[in-house]
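# What the coordinates show
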Amino acid sequence: MLRVEGLYAAYGELEVLHGVSLTVEAGQFVSVIGPNGAGKTTLLRVLSGLHPTTRGAVVFDGEPITGFPPDLICERGFVHVPEGRLLFPGMSVREHLELGAYNRRARTHLREQMEHIFALFPILRQRHAQLAGTLSGGEQQMLAIARALMAKPLLLALDEPSLGLAPRMAAEIFAALRQLNHEGLTILLISQEVTQALLMAHRAYVLETGRVILDGPGPALLHNAQIVASYLGIAATS
Ligand SMILES: Nc1ncnc2c1ncn2[C@@H]1O[C@H](COP(=O)(O)OP(=O)(O)OP(=O)(O)O)[C@@H](O)[C@H]1O
Ligand SMILES: [Mg+2]
């Protein structure tokens, strides 16, 4: 479904992705983990057309999309839930969902998709008329995911969806992602919740300073000595 080959990206003179390659098969749950500043957000921004690539190729759903504008990439079905959610505080839950379905493919399924989302996140049905700015952090993250789902993604890419949330809310978000994947949605998750991200992942990639240093089935990486030492040190000794 997604093939990234030797991707490079830079901010001015500073190169931050140095030849990243990864593959996401249809129906898979794929996680990317890595420390702060590794280039995870940059990678997602490049994939969704928000940041230029200097070298490399991205093939999505059988077609090269390298250099395509973000709206076209979204319309093709690669939909990105950005870091920090980027909601409109003065717009209601329902307005966000309608906005999410702006592309032609999604508009024809608007009602059906909204029902699906309200079943996944019942709190959003209760809060449908509420302004996004007055939702709790967890509800805002649910809305950001819901808005992305309204675009009828083939692949849903998420940047740190549990960042700053209480553990119970984070668990709810992860449970929703697992359910979406079970329903057949392909997921690319960036997360620093290493244990959760690896447990759920058919395949996981470890990104460090702009390079993939390790990949494999998520649960297998959980037992990898290098991962335990670098990411799970506290958990491993407790
Ligand atoms: N707009 C920018 N201008 C210049 N440098 C940037 C910009 N955004 C990110 N960088 C740099 O690019 C590198 C990768 O940043 P990026 O945000 O992709 O990392 P990340 O893995 O998402 O980190 P985090 O876990 O903290 O979110 C960092 O060194 C960062 O300082
Ligand atoms: Mg980031």
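### Notes on the overall build of the chain
For the chain, the helix and strand inventory stands at 12 helices and 10 strands. A globule of 238 residues ought to have a C-alpha radius of gyration of about 18 Å, and the chain, at 17 Å, matches this closely. In terms of its C-alpha atoms, the chain occupies a principal-axis envelope of roughly 45 × 45 × 30 Å. The buried share of the chain, taken over its 238 residues, is 40%. In the chain, the share of contacts with a sequence separation of at least 24, taken over all contacts with a separation of at least 6, comes to 65%.

### Side note on the site of ligand 1
Taken together, Tyr11, Leu14, Val16, Gly34, Asn36, Gly37, Ala38, Gly39, Lys40, Thr41 and Thr42 are the residues near ligand 1. Elements with a minimum of two residues in the shell around ligand 1: strand 2 (14-24) and helix 1 (40-47). For the shell around ligand 1, the element with the highest residue contribution is helix 1, accounting for three residues. Taken together, the residues of the shell around ligand 1 sort by class into four nonpolar, six polar and one charged.

### Things to note about the sheet that holds strand 2
Read across the open sheet, the four strands follow the order 2-1-4-5; overall the sheet is antiparallel. Of all the strands in the sheet, the pair left with one neighbour each is strand 2 and strand 5 (63-64). Note that strand 4 (residues 55-60) and strand 5 share two bridges and pair antiparallel. Bridge pairing in strand 5 places valine 59 opposite proline 64. Contacts from helix 1 reach strand 1 (2-11), strand 2 and strand 4, with the element oriented near 70 degrees to strand 2.

### Side note on the environment of alanine 201
Position of alanine 201 relative to the elements: it lies in the loop between helix 9 (194-200) and strand 9 (203-208). Residue classification places alanine 201 among the buried positions, given that 28 C-beta atoms sit within 10 Å. Sequence separation between alanine 201 and leucine 189 is 12 residues, and the spatial gap between their C-alpha atoms is 8.8 Å.

### Description of the sheet that holds strand 3 (residues 29-33)
Across the sheet, six strands lie side by side as 6-7-8-3-9-10; this open sheet has mixed pairing. Among the strands making up the open sheet, the edge pair consists of strand 6 (78-81) and strand 10 (211-216). On average, each strand axis in the sheet is tilted by 20 degrees relative to the strand beside it, whichever way the strands run. For strand 7 (residues 155-159) and strand 8 (residues 186-190), the ladder comprises five bridges, and the chain directions are parallel. When the sheet's bridge partners are listed, leucine 155 is paired in strand 8 with threonine 186. This element, helix 8 (residues 167-182), spans strand 3, strand 7 and strand 8 of the sheet and lies at about 150 degrees to strand 8.

### A look at the environment of arginine 45
When you line up the elements, arginine 45 lands in helix 1. Taking the number of C-beta atoms within 10 Å as the measure of exposure, arginine 45 has 19 and is therefore partly exposed. Linking arginine 45 and glutamine 196, residues 151 residues apart in sequence, is a C-alpha distance of 23 Å. Beyond its immediate sequence surroundings of up to four residues, arginine 45 is in contact with Leu50 and His51.

### Examining the packing of helix 3 (residues 93-100) against helix 7 (residues 137-150)
Running from amino to carboxyl end, helix 3 crosses helix 7 at an angle of 35 degrees, the nearest separation of the two axes being 7 Å. The handedness of the crossing between helix 3 and helix 7 is right-handed. Every residue of helix 7 that contacts helix 3 at Val93, His96, Leu97, Leu99 and Gly100 is listed here: Leu143, Ala146, Arg147, Ala148 and Met150. Its residues assigned to classes, the contact of helix 3 with helix 7 shows seven nonpolar, two polar and one charged.

### Concerning the confidence of the model for the chain
In this model, the chain carries an average pLDDT of 92, and 97% of its residues clear a pLDDT of 70 or more. At the low end of the mean pLDDT range in the chain sits helix 12 (residues 233-237), at 50; at the high end sits strand 8, at 98.

### Regarding the nonpolar core
If you look at the biggest cluster of nonpolar residues, it comprises 66 residues, and the most contacted ones within it are Ala146 and Ala157. Those residues within four positions of alanine 146 in sequence are excluded, and the remaining contacts are Leu97, Ile117, Phe121 and Leu124.

### Observations concerning helix 1
With six of its eight residues buried, helix 1 lies for the most part within the structure. For helix 1, the full list of buried residues reads Lys40, Thr42, Leu43, Leu44, Val46 and Leu47. Once helix 1 finishes, glycine 49 follows within two positions and takes phi at roughly 85 degrees, a positive value.

Cut-off values and rules
- Residues numbered from 1 in each chain as written.
- Chains lettered and ligands numbered in written order.
- Predicted model: local features only at pLDDT ≥ 70, side-chain atom pairs only at ≥ 80, totals over all residues.
- Helix = DSSP H or I, 4+ residues; strand = E, 2+ residues; numbered from the N terminus.
- Rg over C-alpha atoms; globule rule 2.2 N^0.38 Å.
- Buried ≥ 20, exposed ≤ 12 C-beta atoms within 10 Å, placed from the backbone.
- Contact = placed C-beta atoms within 7 Å.
- Near = placed C-beta within 6 Å.
- Nonpolar A, V, L, I, M, F, W, Y, C, P; charged D, E, K, R; others polar.
- Pairing = 2+ DSSP bridges.
- Axes fitted to C-alpha atoms, helices over the stretch in contact; angles between N-to-C directions.
- Left-handed = near helix turned anticlockwise from the far one by under 90°.
- pLDDT = per-residue confidence, 0-100.
- Core = buried A, V, L, I, M, F, W, Y, C linked by C-beta atoms within 7 Å.

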